[in-house]
Amino acid sequence: MVMNLSALEYPMQRVFLGRILGAIVLTQLGLGILFNAVLTAPLFAEGGYLLHAAPAGLQLGMAVLVGLVGMVLALALAVLAWPVLAAHSPAMARVFLALTVVGMALSGVEQAGVLAMRDFSDSYMAAEGEQQALLASLSATGALLRNGVHYIALMVAGMTLGVWYFCLLRFALLPWVLAALGLVACALQLYAIAQPILGGVVPFVLLAPLALAQLLMGGWLLAFGFRDSPPADPAA
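What you are looking at is a predicted structure, and each value in this text was computed from that prediction instead of being measured.

Visitor: Help me understand the overall build of the protein in this model?
Guide: In terms of helices and strands, the protein carries seven helices and zero strands. Principal-axis analysis of the C-alpha atoms gives the protein an extent of 70 × 30 × 30 Å. The burial tally for the protein puts 41% of its 236 residues in the buried class. Restricting the contact set of the protein to residue pairs at least 6 apart, pairs at least 24 apart contribute 76%.

Visitor: So what exactly am I meant to see when it comes to the pattern of salt bridges here?
Guide: It is possible for side chains bearing opposite charge to pair when their charged atoms get close. Counting across every chain of the model gives two salt bridges. Across the pair Glu110 and Arg146 runs a salt bridge, and its minimum N-O distance is 3.0 Å. Here Arg146 lies in helix 5 (residues 129-170) and Glu110 lies in helix 4 (residues 90-126), a separation of 36 residues in the sequence. By relative accessible area, which is 6% here, Glu110 ends up buried. A salt bridge links Arg118 to Asp119, with the nearest nitrogen and oxygen atoms 3.8 Å apart.

Visitor: Explanation requested: the packing of aromatic side chains in the structure shown.
Guide: Both the distance between ring centres and the angle between the ring planes are used here to describe each pair of aromatic rings. The tally for this structure, following the rule as stated, stands at two aromatic pairs. Note on Phe96 and Trp164: the rings are 5.4 Å apart at their centroids and 25 degrees apart in plane angle, and the pair reads as stacked. Here the residue Phe96 occupies a position in helix 4, and Trp164 occupies one in helix 5, the gap between them amounting to 68 residues. Centre to centre, the rings of Trp220 and Phe224 are 4.4 Å apart; their planes meet at 45 degrees, and the pair counts as tilted. Highlighted residues: Trp220 and Phe224, both in helix 7 (residues 208-224), separated by four residues, approximately one helical turn. You can call Phe224 partly exposed: its relative accessible area is 48%.

Visitor: Help me out: how do you make sense of the nonpolar core in this one?
Guide: The tendency in soluble globular proteins is for nonpolar side chains to be buried side by side. Within the largest apolar cluster, 37 residues are counted, with the highest numbers of intra-cluster contacts made by Leu21, Trp164, Tyr165, Leu168, Met217 and Phe226. Those elements that place two or more of their residues in this core are helix 1 (11-39), helix 3 (57-88), helix 4, helix 5, helix 6 (176-197) and helix 7. If one sorts the elements of this core by residue count, helix 3 sits on top with nine residues. Apart from the residues within four sequence positions on either side, Tyr165 is in contact with Leu178, Ala179, Gly182, Leu183, Cys186, Leu210, Ala213, Gln214 and Met217. Membership of the second largest hydrophobic core comes to 12 residues, among which are Leu50, Val64, Met117 and Leu135.

Visitor: Help me understand unusual backbone geometry in this model?
Guide: Note on backbone geometry: most residues besides glycine have negative phi, and most peptide bonds are trans. Located in the positive-phi region is Ala172, a residue other than glycine, with phi close to 55 degrees. Here Ala172 lies in the loop between helix 5 and helix 6. Note on Ala172: relative accessible area 35%, which makes it partly exposed.

Visitor: Would you mind showing me how to read helix 5 here?
Guide: Structural remark: α-helix, 3.6 residues per turn; residues separated by three or four positions point the same way. With 42 residues, helix 5 extends 62 Å between its outermost C-alpha atoms, agreeing within 8% with the 62 Å of an ideal straight helix rising 1.5 Å per residue. The axis of helix 5 is deflected most strongly, by about 35 degrees, at Leu138.

Visitor: Would you mind showing me how to read the state of the cysteines here?
Guide: What makes a disulfide is a covalent bond joining the sulfur atoms belonging to two cysteines. Scanning all chains against the criterion turns up zero disulfides. The cysteine Cys167 is free of any disulfide, with Cys186 supplying the nearest cysteine sulfur at 12 Å. Exposure remark for Cys167: the relative accessible area of 0% places this residue in the buried category.

Visitor: Can you walk me through the packing of helix 5 against helix 6 in this structure?
Guide: To describe two helices that pack against each other, one gives the angle between their axes and the distance between the axes. Close contact between helix 5 and helix 6 brings their axes to 9 Å; oriented N to C, the two are set at 160 degrees. The angle between helix 5 and helix 6 places the two elements in the roughly antiparallel class. The handedness of the crossing between helix 5 and helix 6 is left-handed. Partitioned by chemical class, the residues of the contact of helix 5 with helix 6 number 21 nonpolar, four polar and no charged.

Visitor: Is there a simple way to explain the environment of Arg14 in this structure?
Guide: Note that Arg14 resides in helix 1. In this structure Arg14 comes out as buried when scored by relative accessible area, which is 11%. For the pair Arg14 and Arg227, spaced 213 residues apart in sequence, the C-alpha separation works out to 7.7 Å.

What counts, and where the lines are drawn
- Residues numbered from 1 in each chain as written.
- Predicted model: local features only at pLDDT ≥ 70, side-chain atom pairs only at ≥ 80, totals over all residues.
- Heavy atoms only, no water.
- Helix = DSSP H or I, 4+ residues; strand = E, 2+ residues; numbered from the N terminus.
- Buried < 20%, exposed > 50% of the residue type's maximum accessible area, 1.4 Å probe, protein only.
- Contact = heavy atoms within 4.5 Å.
- Salt bridge = Lys/Arg side-chain N within 4 Å of Asp/Glu carboxyl O.
- Phe/Tyr/Trp six-rings, centres within 6.5 Å; stacked < 30°, edge-to-face > 60°.
- Core = buried A, V, L, I, M, F, W, Y, C linked by side-chain atoms within 4.5 Å.
- Expected span 1.5 Å × (residues − 1).
- Bend = angle between axes of the 7 residues up to and from the residue.
- Disulfide = S-S within 2.5 Å.
- Axes fitted to C-alpha atoms, helices over the stretch in contact; angles between N-to-C directions.
- Parallel < 35°, antiparallel > 145°, perpendicular 65-115°, else oblique.
- Left-handed = near helix turned anticlockwise from the far one by under 90°.
- Nonpolar A, V, L, I, M, F, W, Y, C, P; charged D, E, K, R; others polar.

Such coordinate-based values are descriptive only and should not be taken to indicate function.
Encoded structure:
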């Protein structure tokens, strides 16, 4: 049975749902900036996380909580968007939901890695002599594992957003300029994140277009909701 838009037959209902999703997108964007640029900063401070993570234990705990909230918001967006996407293409709705779930799992592992790095720093600060030297020699392993999961999670996030923007463009749910900008931004993000996976460094400037695309898309949905686009004929 194909889910339809029976609950979204009227323009005001499409606008209302679009505004909810727009608010979620903008909240995700803000929390992402807070998580990556502020709360997890001690993990990347000069001198290494061993010296800075333990003193910033509360801050890193808040980072994990913010990450968990982001996971819940991602799932909420996928669930709320399901009737809209499924009305046009049940297959694309399933792909979007599946990628969201995979991204949530990877994000959970990443948050566990943040806690592990904080606890490793606690043990290092409490240790002395040879034990401290041993912990210092092992510290890179924890950071590499967390960073590896982080990059994979970002790749999956980029693919998830790519599917989202493709649907918005293909089904005319958003002005084509904004949807096309999002698709290009996702491609740039995937290219940028692929660099450390391939042994290079992240060209951070290529991540900025996606933040802009998310801001514009979330702002449009918050202001205007989804455009009036007739769903596909289930019998077709």
